[in-house]
Amino acid sequence: MADPISIQAASKVKSAPKPRPRWLRAVSGVLAGIVLLVLILAGIGVLWMRSVTMAALPQLDGDVHIAGISAPVIIRRDAHGVPHIAAATQDDLFLAQGYVTAQDRLWQMDTYRRNANGELAEVLGSRLIRHDTVQRVMGFRKTALRIYANLGPDDRRRLDDYASGVNLFIQLHQDTLPEEFRILAYKPKPWSGADSMSIAMMMVDMLDTHWDVKLAREEISAKLNNPKLEEELYPVGSWRDRPPTGEVIDLTQPRPVPPPTDGDEEDERTQTRLLPSAAPLNLTELRADMGLLTCDGCALGSNNWVISGKHTVSGKPLLSNDMHLALTEPNIWFMADLQAPGFHAAGVTLPGMPMVVAGHNEHIAWGFTALYGDVQDLYDEKLDGKGNYQQPDGSWTRLTMDLEVIHVRGAADISIDVQSTNHGPLLDPIFFNQPLPQPVALKWTLNDATLNSVPLYAMNTAKSWGEFSAALRTWDFPTQNVVYADDQGHIAYHAVGRIPIRPGGLAGKPIQNAQHEWQGYIPFDAMPNSFDPLSGFLATANARVTTEKSQYLLSLDWGPPYRIERIYKLLQGRDHLTPKDLLAVQTDIYSEVDQELAHRFAYAIDHAEKVDDRLRKAADLMRSWDGRLTTDSAAASIVDQARLALWPLILEPKLGKIADDYRWSEKDFAEEEIVMHGETDWLPPGYKNWDAVLAEAVRRGMQHGSAPSDLTHWAYGNWHVVDIEHPLAPFLPVISRIAGTGRLPLSGDATTVKQVGTTLGPSQRFTMDWNDVDGSTENIVLGESGNPFSAFYRDQWNEYYNGSTFALPFSPAAIAANTRHTLHLLP
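Remember, it's a predicted structure, so these values are computed and weren't measured experimentally. (Residues numbered from 1 in each chain as written. Predicted model: local features only at pLDDT ≥ 70, side-chain atom pairs only at ≥ 80, totals over all residues. Heavy atoms only, no water.)

Novice: Hey, could you run me through the overall build of the chain in this one?
Specialist: Across its full length, the chain carries 25 helices and 25 strands. Counting across all 827 residues of the chain, residues that qualify as buried make up 59%. Taking all contacts inside the chain whose residues are at least 6 apart in sequence as the whole, residues at least 24 apart take part in 74%. Total accessible area on the chain stands at roughly 32,100 Å², and carbon and sulfur atoms take up 55% of it. (Helix = DSSP H or I, 4+ residues; strand = E, 2+ residues; numbered from the N terminus. Buried < 20%, exposed > 50% of the residue type's maximum accessible area, 1.4 Å probe, protein only. Contact = heavy atoms within 4.5 Å. Areas by Shrake-Rupley, 256 points an atom, 1.4 Å probe, with all protein chains shown as cover.)

Below you can see the structure in the form of structure tokens.
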């Protein structure tokens, strides 16, 4: 028998590791060296980025000598970095505004300009080619040049003053430009007055573009081949709407059904040219390339309201406005207070444009929401293949041709032939990977050469409703709802923007006949409006603003009704209101429709077959839910995920691949009506009743949302988040670690007054108190600066995220008391 000690020793000898081959040690050493080198280079890169970013921080104190001003200009920054600019002349004021805005937002301004002009691929590469193609086909740069050229000399001078200030900043900071220019290795071109109009075109495009919905509707209509189902998918207004008539609404009674669309619109619905077998257009991808929101239920919107003194604690009017836009880094708005002889206004400005967009002056205050007016039509065109198109009268006319050249970083230039009819540009170049079945032209008020008014200056300097409404009378685009309050106690509302008169009726799809040509525009006085109503209360939230008494319909695609309905329920009839009360409404997260559908889902589970304990637990959570979409709510998770799962469950059997192309601003209302009415035509194959469908939607929602085994732990905020990224994050992910907010729990949804999505939400919150002008509040999302190392880059985020706010000083005494930095611009 072997000695155990000997066996153990032998075992140890056998298990001893063999020495690694010399070549393997060499390779390991080289790999370790490469890893170390990469880490060193990454560290150097981070240090370099930090260095150039720090060098680009703006000068906030001291003196700067610049050319072009006639007298010293004082720029006082308050505790949030908001510039309060005081100048001896208005020319100096707007020059200083351009300079100061460039201090904080120059790269954003250049990006906005490139976005509108279709020049992003030049600096960001080939993935922006289609985006730039869309912008070139739309002709935004040509429109900007046209509007600038047709402005009055005073308006052009103000734009030129602003441009001079931007260019002075660029000239003085060639070696310390914002870090994005250094990272992308390019420098900004000089600014011009026309560039400011390009920024305005970007906003018009953002707020008035709906042609993609009309194209998708035609595709869906052809596939459905059922006018009744189409009408249910595309409701026009709702019984929940609260048009701003100024009448006291009895909220205990059901509202009247919206007036029917005219007969020609019904005829239009039956017309289709796309065959159900046609290849899908993939409009979801197009929307992403166009920069439009693609998340389900996301629609640009806003809230605004105005309350007369008879309902406020002070006896003076209150006005609130929160504009719901894409949440970006930096914020789309730049707060400023501008003062010179004959001019004093404060509020939010648009980087790249002079003056204040929304806010107040010494006598009046105003706020906006998107009207959703229909200002675009698609027309099927007949071409002869020889460069001609057929006019409505049957004659043939030569197509207008424009050559557009898109510069692409790291690739060859792309040439695009933009062809236009009398209606507008043909959209074919946009669908270069998948041609349209028939040429389609876009007609848009933006392309009307007679519309060239930008009345911001008249609005900023108005002292009364008479002067302010005279300015609004000349507003061309985008279509908006405007509320107003002044220091004399008056309140008012007016819908603005040129909306075509269409004797043939509004068309929700491409037009195929000559009966839908435009014949002028709706007169200003015929647009919805109200002045000092008996109710003492006016509000809008993108929903229908017309009534059965309205002469013109304005739109088929109104915003969802839930926010405006909730606003009326929270504010109408209340007295002794304070700014604090209005902030509570702006941040309200109760959804009546979510709670209603929660109860319907629970009922369905109670009555459906083959229901397991997990579904029963979901039903119990939903039936006891209070309807508030808090971040810790499990019921909110169940309801929202079930609603998301329901659409493909009922649409895909009828629409197949094009189901994702369905978009309608009242999509949530369409879902409510389909579910609550229990239309059997929408039942998917294999389901015998709606209880089975809705129970399955809850089951799929929990599955797709990765609900935990214990549903009570499925907190809404675990998956419903806000995540604001720097624009360069998709190209350079490391930037997200420096500049992004990261994923944070988010309360509310698309149907709450606090309308939100992952990248959508209130872009600012404003409340004007005519009893305490200096106590009036305004805040944006992140901060004034676009520089991540600035103290004002994200200093407003906590207030915004947690639903609080702060005052924007306006009087000289309040500005002096809140000044933290003072910069003098000297001749």
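Continuing now.
Novice: Help me understand the pattern of salt bridges, please; the structure alone is not making it clear to me.
Specialist: Per the counting criterion, the structure on display carries 44 salt bridges. We note a salt bridge from Arg544 to Asp241, for which the minimum N-O separation is 2.9 Å. Of this pair, Arg544 sits in the loop between strand S19 (537-540) and helix H16 (562-571) while Asp241 sits in the loop between helix H11 (227-233) and helix H12 (263-269), placing them 303 residues apart in sequence. As far as burial versus exposure is concerned, Arg544 and Asp241 are alike and both buried. (Salt bridge = Lys/Arg side-chain N within 4 Å of Asp/Glu carboxyl O.)

Novice: Would you mind showing me how to read the pairing of strand S5 (residues 318-326) here?
Specialist: Look at any regular strand and the pattern is simple: side chains alternate between the two faces of the sheet. Counting buried residues along S5, eight of its nine residues qualify, which places the element largely inside the surrounding structure. Pairing between strand S4 (residues 301-307) and S5: seven bridges, direction antiparallel. Residue pairing for S5: Val306 is matched across the bridge by Leu319. Pairing of S5 with strand S23 (residues 764-769) involves four bridges; the strand directions are antiparallel. By the bridge assignment, Leu319 is partnered in S23 with Met768. Pairing of S5 with strand S22 (residues 760-762) involves three bridges; the strand directions are antiparallel. Following the sheet pairing, His324 is matched in S22 by Pro762. (Pairing = 2+ DSSP bridges.)

Novice: Just checking my understanding: could you explain a nonpolar patch on the surface for this structure?
Specialist: Side chains of Met54, Ile738 and Phe789 sit close together on the surface and give an oily, nonpolar patch of about 220 Å² of accessible area. If you trace the backbone, Met54 turns up in helix H2 (residues 22-55). On the basis of relative accessibility, which here comes to 36%, the residue Met54 falls in the partly exposed class. (Patch = residues over 30% accessible without salt bridge, like charges linked within 9 Å, V, L, I, M, F, W, Y side chains within 5 Å.)

Novice: So what exactly am I meant to see when it comes to H16 here?
Specialist: Helical periodicity: at 3.6 residues per turn, an α-helix aligns residues three or four positions apart in one direction. Across the 10 residues that make up H16, a large majority, eight, are buried. Phi turns positive, to about 85 degrees, at Gly573, one or two residues after H16.

Novice: Sorry, what's going on with helix H13 (residues 283-290) here?
Specialist: Restricting attention to buried positions, one finds in H13 the residues Leu283, Leu286, Arg287 and Met290. Buried residues of H13 fall within an arc of 100 degrees about the axis and therefore sit on the same side. In this structure, the buried residues of H13 make contact with helix H5 (129-138) and helix H10 (211-224). Trailing H13 by a residue or two, Gly291 shows a phi angle of about 85 degrees, which is positive. (Arc of directions from axis to C-beta.)

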